[in-house]
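# Architecture at a glance
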Amino acid sequence: MGETTVTTLEGQDRAAPRPVAEENAGKAFLRRLRTPRRPRFWFEILLIAVSYWTYSLIRNAVPEQKQEALSNADWLWRMEHHLGIAVEQSVNHAVNSVTWLIIGMNYYYATLHFVVTLGVLVWLYRSHPGRYAAARLALFATTAVALLGYYFFPLAPPRLMNGGDFVDTVVVHHTWGSMASGDLKHMSNQYAAMPSMHIGWSLWCGLTIFALASVPWVRVLGLLYPAATLLVIVSTANHFWLDAVGGMLCLAFGFTVAHLWYGALPHTLPRWVPGTRGAPLVPLEA
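Residues numbered from 1 in each chain as written. Predicted model: local features only at pLDDT ≥ 70, side-chain atom pairs only at ≥ 80, totals over all residues. Heavy atoms only, no water.

### Some points on the environment of Leu139
To be explicit about the condition: Where helices and strands are cited, they refer to DSSP runs of H or I of at least four residues and of E of at least two residues respectively, numbered from the N terminus. Any two residues whose heavy atoms approach within 4.5 Å at even a single point are treated as in contact.
Of note, Leu139 is situated in helix H7 (residues 129–152). Measuring from C-alpha to C-alpha, the distance between Leu139 and Gly254 comes to 6.2 Å, with 115 residues separating the pair along the chain. Apart from the residues within four sequence positions on either side, Leu139 is in contact with Thr117, Leu121, Trp201 and Trp204.

### Topic: the packing of helix H6 (residues 99–127) against helix H10 (residues 216–235)
What counts here: What counts as an axis is a line fitted to C-alpha atoms, over the stretch in contact for a helix, and the angles between N-to-C directions run from 0 to 180 degrees. Orientation labels follow simple angle bins: below 35 degrees gives roughly parallel, above 145 gives roughly antiparallel, 65 to 115 gives roughly perpendicular, and whatever is left gives oblique. Each crossing gets its hand from how the near helix is turned against the far one by less than a right angle, where anticlockwise is left-handed and clockwise is right-handed. All residues other than Ala, Val, Leu, Ile, Met, Phe, Trp, Tyr, Cys, Pro, Asp, Glu, Lys and Arg, Gly among them, are scored as polar; the first ten of these are nonpolar and the last four charged.
Interaxial distance between H6 and H10 falls to 10 Å at its minimum, and their mutual angle equals 130°. One finds that H6 runs oblique with respect to H10. Crossing geometry of H6 relative to H10 is assigned as left-handed. Contact residues: Ile102, Met105, Tyr108, Tyr109, Leu112, His113 and Val116 in H6; Tyr225, Ala228, Thr229, Leu231, Val232, Ile233 and Ser235 in H10. Across the contact of H6 with H10, the residue classes break down as 11 nonpolar, three polar and no charged.

### A short note on the packing of aromatic side chains
Between two aromatic rings, the relevant description is the distance of the centres plus the angle of the planes. We count it as follows: The criterion for an aromatic pair is that two Phe, Tyr or Trp rings (for Trp, the six-membered ring) have centres within 6.5 Å, with stacked assigned to planes under 30 degrees apart, edge-to-face to planes over 60 apart and tilted to the rest. The criterion for a charge sitting over a ring is simple: Lys NZ or Arg CZ within 6 Å of the ring centre, and within 35 degrees of the ring normal.
According to the stated counting rule, one finds nine aromatic pairs in the structure shown. Here the aromatic rings of Trp77 and Phe240 are separated by 6.0 Å at their centres, their planes lie at 45°, and the arrangement is tilted. On the criterion of sequence distance, the pair formed by Trp77 in helix H4 (residues 66–83) and Phe240 in the loop between H10 and helix H11 (241–262) is long-range, its members being 163 residues apart. Measuring from ring centre to ring centre gives 5.9 Å for Tyr125 and Tyr132, while their planes differ by 80°; the resulting arrangement is edge-to-face. These aromatic residues form a ring-pair network of at least three members: Tyr52, Phe114 and Trp201. Stacked on the ring of Phe210, the Lys or Arg Arg219 has its end atom at 4.2 Å from the ring centre.

### With respect to a nonpolar patch on the surface
Counted only if it meets this: Patches were defined on residues exceeding 30% relative accessible area and lacking a salt bridge, with like-charge contacts within 9 Å and nonpolar side-chain contacts (Val, Leu, Ile, Met, Phe, Trp, Tyr) within 5 Å. Methods summary: accessible areas were calculated by the Shrake-Rupley approach with a probe of 1.4 Å, and residue burial reflects only the protein chains presented. Each reported salt bridge corresponds to a side-chain nitrogen of Lys or Arg within 4 Å of a carboxyl oxygen of Asp or Glu. Relative accessible area decides the class of each residue, using a 1.4 Å probe on protein chains only: under 20% of the type maximum gives buried, over 50% gives exposed, and in between gives partly exposed.
Residues Val215, Trp217, Val220, Leu221 and Leu224 make up a contiguous nonpolar surface patch of about 500 Å² in total accessible area. For Trp217, the location among the structural elements is in helix H10. The class of Trp217 is exposed, set by a relative accessible area of 58%.

Here's what the structure looks like:
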């Protein structure tokens, strides 16, 4: 019996280090995943392309529940009247009366949320590689949670409301302006207006530029960009004010995810990744 006891105890002594080693290895692996590193160009291109394709596929696969979407739009419009912020119709008609301005806004709505967002990602990749992955995670998490809004709260944009008397500026001015209007409307879910990713993405761009740019006027432009986007989405009757609030909440979620994963907000992480090609010997300040 004594030998059995000793053998058992020795077996336990020999086996004990294994779980500890495995746990340490797991922590080390997790720490490596959370450590900012130089992004790989080919991987980032592939990741962004696949992610946007997946986002578009899921967004457009959500059932277009027309009656529910129209009902939700009526409810939201009444809510905005109750809050005293239901001025979208006045803004839409006022801006639509200035032809050159509304045509410019149509093209702004159709293009800049792609161009500027990709531009900021490229800038981060080249000039702030240590912050790139965290900022990208915030953007991706923002976009992912927006899909829940499209699924659980289908919403017709103002231009499609029953009796709303809004002007669909793309149709009226015959401009190539929106995947949700004109000849392209059959390629996009018409009732995925809440939340507004035009606001979610533009605010991500604006805050990132404001936090990291070193030139004062560029930082000011960063703040003006989401403000201009808000005016555009309302003027073109593609969104309500509260759709913009939904986009802001999604962005707050995205930054929270990035903070939980990296332990800090993207702009507070080191600008350069030590030991990688392109990093200066003496790290520059943002």
